[in-house]
Structure formats: C-alpha cells, structure tokens
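Fold and geometry: a report
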Amino acid sequence: VVQLLFHTGSGAKRQKTSSSSPMYGPVPPPSFRSTRVIRVPQECATIKKAMVLAQMIFSESTEYMEADLIKIQMNKGVHEIVGDQWGRMNVTCSHISFVGKDKDQTTIIGGFEVHNQQHVAFENLTVTNPKGTGFFVWGSETNVDMLMCRVEKCAGTGMDVDDGATVTATQCAF
C-alpha cells in the first residue's frame, strides 16, 4: 500500500491510500491467494516492486509452509533492475523464485544480490549487468538454485559465490 501526501491550499495535509494499481505500489493481485504468483509487468510494474510486495507478504506471515513459495513471473521482453551502484537488486526474502518465459525471451538488465536467504530460485532467463556482477551470492545460510539461465555481458563476473553460500546451476551458461 502506498500513501500519497497531498498539500491543500490551507496548509493542511491529507493522505490518500492506493492499493489497486501496480504502478503505485505493492498490492497482492486478486489471483495471488490461489496461485502465489506475481506477474511482471501485468500485476507489478517492475521486478523491484514485485520484490517489495513479496517481502511485505512474508513479513505479514506468522509461520512458513513449503507451499508458501512466491513466484515472480516475468513476461517475455527486457526487464531493467534499478539497483545499487553495481546495478544489483537485493533479494530480501527466502522462498522466492524469479521465472522468465525462456532464456531467449526474458532478459534482465541488472543483477541480483542474495545474502543469507534460502530457497531462492532463478529459472528460464538471461541476466546481463553492464554495471557489475550478474549474481552476488553470499553468506553461509544462502542457497540458490538456477535452472536454464544464461549470464552474459556483465562488467564484473557472471556469478560471485562467497562466504559459504551454495548454488546449484542446471543447464545454465555463464
């Protein structure tokens, strides 16, 4: 939910809360309860907004069950991550997957940083980061699965795995 602050002519302030538009902020789509899928750009305008929504959903949960995996489904095309100075977005929760249509159809410009998150998956996408590393995965509690991904054209390494993190990559190209 995003709160917008409006200034009136009298100097008073009033707030408007918006929860219906993917362009204004994170709101679970109507189908989310049954599918556990957030679609980009159909339901959230960007990957980053989808990540914020996933974090909000997990923070409201009191307990976790294996079926609670959240899938961020990216449509075919190019999706840009506006991240840190290295072009990376932090994956801020566990039990999440980022899934493209196909590594030849879904491209991410930017990178991902995963620190001490578990059960994080990337499937069917290409990651290219002209500012830095494609994937920076670190921390002894971190585990990441990659399936049918391609990492290319990164200013840094394609993937940097540090400090005891575990990555399983199947049918991937680096």
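As shown above, the structure is provided for reference.
Overview of the structure. (Residues numbered from 1 in each chain as written. Predicted model: local features only at pLDDT ≥ 70, side-chain atom pairs only at ≥ 80, totals over all residues. Heavy atoms only, no water.)

**Describing the pattern of salt bridges**
Rules: Any carboxyl oxygen of Asp or Glu that lies within 4 Å of a side-chain nitrogen of Lys or Arg is treated as forming a salt bridge with it. Buried residues are those whose accessible area, probed at 1.4 Å on protein chains only, stays under 20% of the maximum for their type, while exposed residues exceed 50% and partly exposed ones sit between those limits. Numbered from the N terminus, helices here are DSSP runs of H or I no shorter than four residues, and strands are runs of E no shorter than two.
All told, the structure shown has five salt bridges when counted by the stated rule. Close ionic contact of Arg88 with Asp84 constitutes a salt bridge, the shortest N to O distance being 3.9 Å. Residue Asp84 is classed as partly exposed on the basis of its relative accessible area of 25%. One salt bridge connects Arg150 with Asp104, and the closest N-O pair in it is separated by 2.8 Å. With a gap of 46 residues between them, Arg150 in strand β14 (residues 150–151) and Asp104 in the loop between β7 (96–99) and β8 (106–109) connect regions that are remote in the sequence. We classify Asp104 as exposed; its relative accessible area is 57%.

**Examining the sheet that holds strand β6 (residues 88–91)**
Note the threshold: Strand pairing is assigned whenever DSSP identifies at least 2 bridges connecting the two strands. To obtain an axis, a line is fitted to C-alpha atoms, over the contacting stretch when the element is a helix, and the angle between two such axes runs from 0 to 180 degrees between their N-to-C directions. Between two residues, a contact is recorded if the distance between any of their heavy atoms is within 4.5 Å.
Pairing is parallel in the open sheet, where four strands are placed in the order β6-β9-β12-β15. Whereas interior strands pair on both sides, the edge strands pair on one side only; in this sheet they are β6 and β15 (159–162). Strand-to-strand, the axes of this sheet are offset by a mean angle of 15°, without reference to chain direction. As defined by bridge partners, strand β12 (residues 135–138) adjoins β15 across four bridges and the pair is classed as parallel. Counted as the bridge partner of Trp138 is Asp162 from β15. Sheet contacts for helix α2 (residues 47–60): β6 and β9 (111–115); angle to β6, the most-contacted strand, approximately 15°.

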